[in-house]
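# Structure assessment
Listed here are the chains, written in short residue letters.
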Protein chains: 2
Amino acid sequence: MTFTPPVAEQRFVLEHVAGLADLSSSDRFAEATPDMVEAVLEGVGAFAAGEWAPLDRTGDTVGARWTEDGVVMPKGFPEAYRAYVEGGWGTIGAPAEHGGQGMPFAIATAVLDTLGAANMGFALCPTLTVGAIEALMHHGSAEQQAAYLPHLSTGAWTGTMNLTEPQAGSDVGALRTRAEPVGDGRWKITGTKIYISYGDHDLAPQIVHLVLARTPGAPAGTKGLSLFLVPKYCLNDDGSPGEANDVRVVSIEHKMGLHASPTCVLSFGDNGDCIGELIGAEGGGIAAMFTMMNNARLNVGLQGVQVAERATQKAVAYARDRIQSARADGASREPVAIIEHPDVRRMLLRMKAQTQAARALVYLAAGNVDRATLGDADARKRVDLLTPLAKAHGTDLGNEVASLGIQVHGGMGYVEETGAAQHFRDARITPIYEGTNGIQAADLVGRKLAMDNGGVFLAHVEAMRAEASDAGLRALIDVCEEVGRRLMTADVDDKLAASYPFLTMLSVATCGWLMERQGRIARDAEGDPIFLAQKQAAARFYVEQIVPEAMGLKAAASARADVLYAIPADAFAA
Amino acid sequence: MTFTPPVAEQRFVLEHVAGLADLSSSDRFAEATPDMVEAVLEGVGAFAAGEWAPLDRTGDTVGARWTEDGVVMPKGFPEAYRAYVEGGWGTIGAPAEHGGQGMPFAIATAVLDTLGAANMGFALCPTLTVGAIEALMHHGSAEQQAAYLPHLSTGAWTGTMNLTEPQAGSDVGALRTRAEPVGDGRWKITGTKIYISYGDHDLAPQIVHLVLARTPGAPAGTKGLSLFLVPKYCLNDDGSPGEANDVRVVSIEHKMGLHASPTCVLSFGDNGDCIGELIGAEGGGIAAMFTMMNNARLNVGLQGVQVAERATQKAVAYARDRIQSARADGASREPVAIIEHPDVRRMLLRMKAQTQAARALVYLAAGNVDRATLGDADARKRVDLLTPLAKAHGTDLGNEVASLGIQVHGGMGYVEETGAAQHFRDARITPIYEGTNGIQAADLVGRKLAMDNGGVFLAHVEAMRAEASDAGLRALIDVCEEVGRRLMTADVDDKLAASYPFLTMLSVATCGWLMERQGRIARDAEGDPIFLAQKQAAARFYVEQIVPEAMGLKAAASARADVLYAIPADAFAA
């Protein structure tokens, strides 16, 4: 059950992928010196390993519990959350003008990487708070920011995102929750939201719900949506939480995993008295939602990294411990640790390589978020392009690695007590929420390829091509360009039919580019020889074995939709 | 929760892949006429859909329960098991000379396909009984056969396989359970076995444990093992179950899935009074084990088919039902069933194609089992070659399809009540038990490639090449030959390092060959146009999109072991 924060790896990726040196050379991020970053990573690592990791199993086995008085978190969670707030770990990336430390998003990403690897279900809570902070920063009024941000920045209060409704899963335009003006600038909210992560809990004295709702006379579809802030407790005149608002947690879902995280059905305005405030302009809900969601999508991609890291650590520990069978080479008849057997070792190296690849992809996007903050418009576009890759491919890799983690454990992996199964169950939600991975793929081939008439995509291809040296990797980059160009002008159904394999190819090309770079740097760098050697091995494995796999997707990424519609829907049941 | 037995598909595959017409033209299988097969498949389909499928959720939510008096199955299971025995569904493939119907193994496979798709956890019980029957048929004495086979053939008594011990997972040679002669031809057994599926239950009045144990003075390793039959109840003189034997069910595992199936820790001889009989020769345990295991491996591959079939049916039903979002082509703004959206449809067609591919692979092996029974020595070798493919790739596909099934359901897939999650959890054991898929890959590149100096493998390649027409498929077959030839003479570590990707490539080539054939036959055949159209679409999707993916594995299947050993074991934790 022990967890070792991957500090050396995080520093390496922050430096060589996220471009930390560039960031800290700016005025805004001048405090993010190597020493500071080291202190933050070591500090949160010690905290996460000591306080959060031991609760990971409790989160799974006990889980959040619904009661009439609200959701009760498992024993130990409220104390561990308080320690998180008091340690200031929530403030790292929060805005300096509102009580945060204003560090680069890339560093906040690394901090959340560690917290989530220690306890993925727990770390989802701060992840959502960050989304609420982003929405308020970009769309809230000065008063709203003053009233809420200082508390959200420390994590003393937590945030939620209320999008989904029973009749509208991925179809945000079909939302029905209503908001009616009360006359004093406030609004009354009525409706039911589902799948609200941390929609209720006993970790904090206040929960700030951000709710998409429809105002009177608003047009149908997404354009009629506005974003509302609905506090669990209405604020007193002094800004402290006062009387309970009319928000009720109806139930929590019985999920396959991520049991620590209460997934709530929330009912707003059962008694006609749910008070909210408009965030931003009326009708600006969808824009505000994307502000929250883009951040959340990167952080869900990061959950893929988190679960992959933890699953890999557990599998490596097991494989070094478990003695079974002699090596097949016949040199000795003594049984060895299973990590010595080639196929187990292949699984472990694959797990390491895929974890590192996912981390590089997400940190690359995070570094570009910071560049965008510093005013680099191209970086903002790169983030937009990379977000669906980071979310979808990051979570796909989290699932693959967690599954390999079970396989390394053999029969023990299927027995719940070992803990490997938890990661597998936990991971499975990540390709679904915050926009299914299919939606990410649609976003990539739709909106993202079209940016600047393909210019953003082609610039990314050129950046990869300018650095990549392996012939297979260069070939994959070429194929990505070829397929991407074709998809830009393809029929919409053909685009969508090819979207998922194309997303995977482009993600692997991007990871291959970053892994090759890291391997090259590790070869020439000075430092811990063990760390540098494993980095080179992981990079080599990735470039030599995983990159060619993605070439196998060319046919699917080039296929048209007609094969999918060659039979009527009914025939799928034949 | 409804389940529709895939009778048309099964008949098609039995005819065009398993070669049923050839079998029924033999004297031995003359009764397996098309009419008879139709009746059997329809009959077991109706039974499974009516009696077993409704218990699938109960099996998961209630599960088998340990008590001091033994394992108690969930409500409804004992009655449903009795109905299975009374319906004669256990007897289909059982030997005619011992109360069975002596039908081809391929038909028994189709029957078990249906039972397991209806209720995978339940169907594991008869699956194990078949293993016990096989062991007794091939290695038991006439007396043992007479005493046990009539009861096992009907399923009135059930069987178990007792291999694994705590200190010896995949390393059978490390087993310690002891057997000491009592003097009257019987033996006393002492030891503890783990992971014993259906090691205890209340479905039947007798359980026949087949136990690997070590006799006094036996050599170390696998050569010192013998197989013993240990009944739960010692037989009375009239052959009926009498006094309890000294076998205790210590506990059952708390598993991620397959909750209906009690996975037992069995303690033999706690009171020094566990009586068993030797099956076959002393020291012949490993040979007898392989008899059981080869059959069981095909049947575990079949579990991949079962779970894939059920997951696909559930996902298709959901996707036809769930209305969400308009088509992206803009032709209408009306929301449609999600099966109309290209990426959902891609997932569903992939599920169908992969399910059919897995079924073809397993039924191909099953048909060859029957050919071997009819005296075709080459067929026996083909079974040996195909067994690791059917087990490993069949179960890999079961997992992939079950995961896609969750994805099609979106958020609902992660909520346990929907049932999609159960299939995902159930499926995950199949790549582990009956020899992990890594062991299957080792078996392929070790023993199986070496058969007849590569002749068996090359004959399989030639059979594929003689029929395959798609250029991509032919290219994959060529690569399989090239890689396979290299692996025959490769260093043992290099063989093992490449074993898993090679197994996948060869499996996909084999499935591609069979899918292409089915698509061609469906194009020219007369019959239900809906069935034939979906078969062609699935075949086309497989050949056009999945076959090329496997080409992407060439690099990994050609890679040497050195990358895995480029770093010391310690470095995996860095």
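Keep in mind the model is a prediction, meaning the values are calculated, not measured.

This part takes up the overall build of chain A. Looking only at helices and strands, chain A has 19 helices and 14 strands in total. Computed over its C-alpha atoms, the radius of gyration of chain A comes to 24 Å, within 12% of the 25 Å expected for a compact globule of 574 residues. With the C-alpha coordinates aligned to their principal axes, the bounding extent of chain A is approximately 80 × 60 × 55 Å. Scored against the burial criterion, the 574 residues of chain A give a buried share of 64%. Excluding contacts between residues fewer than 6 apart, the proportion of contacts in chain A whose partners are at least 24 apart in sequence is 74%. If you sum the accessible surface of chain A, you get close to 18900 Å²; carbon and sulfur atoms cover 52% of it. Chain A carries 49 positive and 69 negative side-chain charges, and their two centres are separated by 5 Å.

A common measure of how large an interface is: the accessible area buried when the components associate. Contact with chain B, which involves 87 residues of that partner, is made by 87 residues of chain A. Note on chain B versus chain A: buried area summed over both sides is about 7900 Å², and carbon and sulfur give 62% of it. It is Arg345(B), Tyr414(B) and Phe572(B) that lose the most area in chain B upon contact with chain A, and together they represent 11% of the buried surface on that side. Linking chain B to chain A there are six salt bridges. One salt bridge connects Arg320(B) with Asp570(A), and the closest N-O pair in it is separated by 2.8 Å. Our count for the contact surface shared by chain B and chain A stands at 42 residue pairs in polar contact (both at pLDDT 80 or more). Among the elements that line the side of chain B that touches chain A, the one with the most residues is helix 18 (residues 529-551) of chain B, at eleven residues.

To continue, consider the UniProt feature "domain: Acetyl-CoA dehydrogenase-like C-terminal" (unreviewed entry) in chain A. With numbering aligned to this structure, UniProt lists the feature "domain: Acetyl-CoA dehydrogenase-like C-terminal" (unreviewed entry) at residues 466-567 of chain A. When the span residues 466-567 of chain A is considered, its composition is 79% helix and 0% strand, and the gap between its end C-alpha atoms is 44 Å.

On to the packing of helix 15 (residues 455-467) of chain B against helix 17 (residues 492-524) of chain B, then. All names here are of chain B. It is the contact of helix 15 with helix 17, at a shortest axis distance of 10 Å, that shows an interaxial angle of 35°. Note on packing geometry: the crossing formed by helix 15 with helix 17 is left-handed. Contacts between helix 15 and helix 17 involve Phe457, His460, Ala463, Met464 and Glu467 from the first element and Phe502, Leu506, Ala509, Thr510, Trp513, Glu516, Arg517 and Arg520 from the second.

Of the transformation superimposing chain B on chain A, the axial component is 0.0 Å and the angular component is 180°, with the fit at an RMSD of 0.0 Å. Within this description, the copies of the chain are treated as partners about a two-fold rotation axis. It is Gly552(B) whose C-alpha, among those of chain B, lies nearest the rotation axis, at 2.1 Å. When the interface residues of chain B are mapped onto chain A, 100% of them again lie at the interface, so the same face is used by both copies.

On to the packing of helix 9 (residues 285-321) of chain A against helix 10 (residues 342-373) of chain A, then. Residues and elements named next belong to chain A. Taken N-terminus to C-terminus, the directions of helix 9 and helix 10 make an angle of 155°; their axes are 9 Å apart at the nearest point. One element, helix 9, and the other, helix 10, form an angle in the roughly antiparallel class. Helix-helix and strand crossings are classified by hand; for helix 9 and helix 10 the assignment is left-handed. Touching Leu298, Gly301, Leu302, Val305, Ala308, Glu309, Ala311, Thr312, Ala315, Val316 and Ala319 of helix 9 are Val344, Leu348, Met351, Lys352, Thr355, Ala358, Arg359, Val362, Tyr363, Ala365 and Val369, all from helix 10.

Residues and elements named next belong to chain A. With 18 residues, helix 16 (residues 471-488) extends 26 Å between its outermost C-alpha atoms, agreeing within 8% with the 26 Å of an ideal straight helix rising 1.5 Å per residue. What helix 16 keeps buried is the set Leu473, Leu476, Ile477, Val479, Cys480, Glu481, Val483, Gly484 and Leu487. If you check the start of helix 16, you find a side-chain oxygen 2.9 Å away from the backbone N of Gly472, and it comes from Asp470.

In this section: the side chain of His209(A). All names here are of chain A. Tracing the backbone shows His209 in strand 6 (residues 207-214). Among the polar contacts made by the side chain of His209, one reaches the side chain of Thr160 at a distance of 2.9 Å. Ignoring anything within four residues of it in the chain, the contact list for His209 reads Thr160, Asn162, Gly199, Phe228, Leu229, Val230, Lys232, Val247, Leu266 and Phe268.

Right, let's talk about the pairing of strand 4 (residues 178-181) of chain B for a bit. Taken together, the four bridges between strand 4 of chain B and strand 5 (residues 186-197) of chain B define a ladder with antiparallel strand orientation. Across the sheet, residue Arg178(B) finds its bridge partner in strand 5 of chain B, namely Thr190(B).

All names here are of chain A. One can read the domain layout of chain A as domain 1 (7-154), domain 2 (158-284) and domain 3 (436-567). Tallying the contact residues gives 29 residues for domain 1 and 29 residues for domain 2. Summing the contributions of domain 1 and of domain 2, the shared interface buries around 2600 Å²; its carbon and sulfur component is 70%. Considering only the side of domain 1, the residues that lose the most area to domain 2 are Val71, Leu128 and Tyr148, jointly responsible for 23% of the buried surface there. Joining domain 1 to domain 2, the criterion identifies zero salt bridges.

This paragraph deals with the side chain of Glu9(B). All names here are of chain B. With respect to the secondary-structure elements, Glu9 resides in helix 1 (residues 7-16). Polar side-chain contacts of Glu9 include one of 3.3 Å to the side chain of Arg359. Apart from the residues lying within four places of it in its own chain, the contact partners of Glu9 are Gln356, Arg359, Phe531 and Lys535.

Right, let's get into the nonpolar core. Among the nonpolar cores identified, the biggest contains 379 residues, and Trp52(A), Leu348(A), Phe502(A), Trp52(B), Leu348(B) and Phe502(B) are the most heavily contacted of them. Counting residues per element, this core draws most heavily on helix 9 (residues 285-321) of chain B, at 17 residues. Excluding residues that lie within four positions of it along the chain, Phe502(A) makes contacts with Leu444(A), Val445(A), Leu449(A), Phe457(A), Cys480(A), Val483(A), Gly484(A), Leu487(A) and Ala557(A).

Counting buried positions along helix 13 (residues 420-427) of chain A yields eight of eight residues, so the element is predominantly enclosed. Residues of helix 13 of chain A that are buried: Ala420(A), Ala421(A), Gln422(A), His423(A), Phe424(A), Arg425(A), Asp426(A) and Ala427(A).

The next subject is the state of the cysteines. Residues and elements named next belong to chain A. This model, assessed by the stated rule, comprises zero disulfides over all chains. Cys234 supplies the cysteine sulfur nearest to Cys274, a cysteine that is in no disulfide, at a spacing of 8.0 Å. On the basis of relative accessible area, Cys274 is assigned to the buried category, the value being 0%.

The subject of this paragraph is the pattern of salt bridges. Within the structure shown, the criterion is met by 78 salt bridges over all chains. Between Glu467(B) and Arg517(B) there is a salt bridge; the shortest N-O distance is 2.8 Å. Placement of Glu467(B) in helix 15 and of Arg517(B) in helix 17 is noted, with a sequence separation of 50 residues between them. You can call Glu467(B) partly exposed: its relative accessible area is 23%. By relative accessible area, which is 14% here, Arg517(B) ends up buried. What you see here is one network of salt bridges that share partners, running through Glu9(A), Asp113(A), Glu309(A), Arg359(A) and Lys535(A).

Residues and elements named next belong to chain A. Considering the arrangement of structural elements, one finds Ile521 in helix 17 (residues 492-524). In this structure Ile521 comes out as partly exposed when scored by relative accessible area, which is 22%. With residues up to four places along the chain from it excluded, the contact list for Ile521 reads Phe12 and His16.

What counts, and where the lines are drawn
Residues numbered from 1 in each chain as written. Chains lettered and ligands numbered in written order. Predicted model: local features only at pLDDT ≥ 70, side-chain atom pairs only at ≥ 80, totals over all residues. Heavy atoms only, no water. Helix = DSSP H or I, 4+ residues; strand = E, 2+ residues; numbered from the N terminus. Rg over C-alpha atoms; globule rule 2.2 N^0.38 Å. Buried < 20%, exposed > 50% of the residue type's maximum accessible area, 1.4 Å probe, protein only. Contact = heavy atoms within 4.5 Å. Areas by Shrake-Rupley, 256 points an atom, 1.4 Å probe, with all protein chains shown as cover. Lys, Arg positive; Asp, Glu negative; His and termini not counted. Charge placed at Lys NZ, Arg CZ, Asp CG, Glu CD. Buried area = accessible area lost by both parts, 1.4 Å probe. Salt bridge = Lys/Arg side-chain N within 4 Å of Asp/Glu carboxyl O. Polar contact = N/O pair within 3.5 Å; in protein donor to acceptor, adjacent residues only side chain to side chain. UniProt positions renumbered as here; feature names shortened; annotations may be inferred. Axes fitted to C-alpha atoms, helices over the stretch in contact; angles between N-to-C directions. Left-handed = near helix turned anticlockwise from the far one by under 90°. Least-squares fit on C-alpha atoms with pLDDT ≥ 70 in both. Parallel < 35°, antiparallel > 145°, perpendicular 65-115°, else oblique. Expected span 1.5 Å × (residues − 1). Pairing = 2+ DSSP bridges. Domains from an automatic or database assignment. Core = buried A, V, L, I, M, F, W, Y, C linked by side-chain atoms within 4.5 Å. Disulfide = S-S within 2.5 Å.

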